[in-house]
Amino acid sequence: MNIGIIGSGGREHSLCFKLKESKIVDKIYCFPGNAGTEKIAQNVNIETKNFEEIKKECLKKNIELLVVGPEQPLVDGIVEYFNDTKIKVFGPNKISAQLEGSKTFTKKLCKKFNIPTSNFEIFKDEKSALNYLSNKKYPLVIKADGLAAGKGVYISKNENEGKNAIKEIFGGRFGKADCVLVEEFLLGEEMSYFIVSDGINYKFFQTAQDHKRVGENDTGKNTGGMGAYSPSRLYNFELDKKINEKIIKPTLEGIKELGSNYCGFLYVGLMIVDNEPYLIEFNVRMGDPECQTILPLLDTDLGEIILACCEKKLLNLEIKWKNKKSICIVLCSNGYPDKYEKNANIDQIRNIILDNDEYIFHAGTKIEGNIYLATGGRVLNIVAITDEFSNSKDKTIKILETLNWEKGFYRKDIGYKVIGV
Ligand code: AMP
Ligand code: GLY
């Protein structure tokens, strides 16, 4: 069958790469894709928010299945938008997508089902939020409610920083703010846990740890993600059981009570404190760069998994994983996550010859006049899988050194918690 993929990042290139290997897939179209997807699929230059044009193209190109990479189209209801067609859309509907789209929705669900998460308060106006801040224990975590592209979360070390955060959020820094969340700071180690669900049953879809800060040793500004490793070093059987019983099952039950069901990937962002899981956030999609890190470990046909979800037949499909260790390092443009040069030449990517189990997934790239250009802050994802994290990392670093891109940088310590420094 013909498949469409929505999105243009590293996550979408890795999905495209895996779907290309699938025996059920004929042609792949990416809306709009990047230079990496252009090499293995056909890019269609339509923005992800333009549902009307995407629908027209899908019908024209006989696309039977649409895989949605990023959260925004899901939160905006792309699944419902295709209800009047026969096209299957892989991803949660608008009701379920609130798990990412609204932090207050998720926190209320946590309260109702006793799901472990940090203690929190929700404030609808600036004054009451500001009043709350005095005589509190710091740090406190202050969050804008809606989607904020990975921003919108402040870890405030004192009352002054807290006030500033609340003023910025209500001042409209992340769009119109109806409320703000103030929550307790959890001290632990983060883990990203993934499942894939068909609305009735769900299956484990690996773990990873990403590095969100721009600087070595997890310092500096937050980014979309500078790299990741998989599986997470925190993963164990007992923890897995707790995550499923205390967090995932009640959440899916909560969605059912709303008269809906959850189809798609679910990203469970956790803080692990003494082998106890606490929910930090849900994302209604794969992580980026976790997806690029995890998919090379997948040993089952991704097309079959996704189709089984759309047809509610996941129960009998076994999802197999390679017993290997994956590292992904993100090559960024100098200046990221602040200002960076656009359309910088990165044509030396042509010189890279990859070994087995080495991958380059493009993020912000395009081809213009037959030359590769870097268009985004995050440009390439370099991934290797081997039997040891340290070997995987050596391989990724070697590729980055060969590439030797003078206009970019990368973190050399990805996976330090599992490898050491
Ligand atoms: P979020 O967008 O909710 O995932 O938050 C972004 C990042 O802020 C998370 O990945 C954590 O590193 C941090 N964070 C969020 N909530 C908390 C919390 N309650 N305690 C400690 N760190 C947090
Ligand atoms: N890597 C974090 C995210 O995808 O939200």
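I will try to describe carefully the structure that is included in this document. (Residues numbered from 1 in each chain as written. Chains lettered and ligands numbered in written order. Predicted model: local features only at pLDDT ≥ 70, side-chain atom pairs only at ≥ 80, totals over all residues. Heavy atoms only, no water.)

As for the site of ligand 2
Where we set the bar: Working definition: residue near molecule or strand if any one of its non-hydrogen atoms lies within 4 Å of it. Polar contact criterion, stated in full: a pair of N or O atoms within 3.5 Å, where within protein one must be able to donate a hydrogen and the other to accept it, and residues adjacent in sequence count only if both atoms are side-chain atoms. Method for areas: the Shrake-Rupley scheme with a 1.4 Å probe, in which residue coverage is limited to the protein chains shown. Nonpolar residues are Ala, Val, Leu, Ile, Met, Phe, Trp, Tyr, Cys and Pro. Charged residues are Asp, Glu, Lys and Arg, and all others, Gly as well, are polar.
In the vicinity of ligand 2, the contacting residues are Asp 210, Gly 224, Tyr 267, Asn 283, Arg 285, Gly 287, Asp 288, Pro 289 and Glu 290. In the model, a nitrogen atom of ligand 2 is placed 2.7 Å from a nitrogen or oxygen of the Asp 210 side chain. Here Arg 285 contributes a side-chain N or O atom positioned 2.9 Å from an oxygen atom of ligand 2. In the complex, 88% of the free accessible area of ligand 2, which totals 200 Å², lies under the protein chains. Looking at the shell around ligand 2 residue by residue, the class counts come to two nonpolar, three polar and four charged.

Side note on a nonpolar patch on the surface
Stated precisely, the cut-off is as follows: Candidate patch residues must exceed 30% relative accessible area and have no salt bridge, after which like charges are joined if within 9 Å and Val, Leu, Ile, Met, Phe, Trp or Tyr side chains if within 5 Å. Salt bridges are identified by distance alone: a Lys or Arg side-chain nitrogen within 4 Å of an Asp or Glu carboxyl oxygen. Numbering of helices and strands starts at the N terminus; helices are DSSP runs of H or I of at least 4 residues and strands are runs of E of at least 2.
Judged by side-chain polarity, Val 153, Ile 155, Phe 185 and Leu 187 come together as a nonpolar surface patch covering roughly 360 Å² of accessible area. Within the secondary structure, Phe 185 sits in the loop between β9 (180-184) and β10 (189-198).

Overview of the side chain of Ser 192
This is how the line gets drawn: The criterion used for residue contact is that any of the two residues' heavy atoms lie within 4.5 Å.
Examined against the element boundaries, Ser 192 turns out to sit in strand β10. Among the polar contacts made by the side chain of Ser 192, one reaches the side chain of Glu 290 at a distance of 3.0 Å. Excluding anything up to four places from it in sequence, Ser 192 contacts Gln 206, Thr 207, Ala 208, Tyr 267, Val 268 and Glu 290.

A word on the sheet that holds strand β18 (residues 344-345)
Convention followed: Strands were regarded as paired on the criterion that DSSP finds at least two bridges between them.
Strand order across the open sheet formed by three strands is β18-β21-β20, with antiparallel pairing between neighbours. The strands lining the two open edges of the sheet, one partner per strand, are β18 and β20 (365-368). Summarising the sheet, β20 and strand β21 (residues 371-374) pair through four bridges and their orientation is antiparallel. Paired with Ile 367 across the bridge in β21 is Tyr 372.

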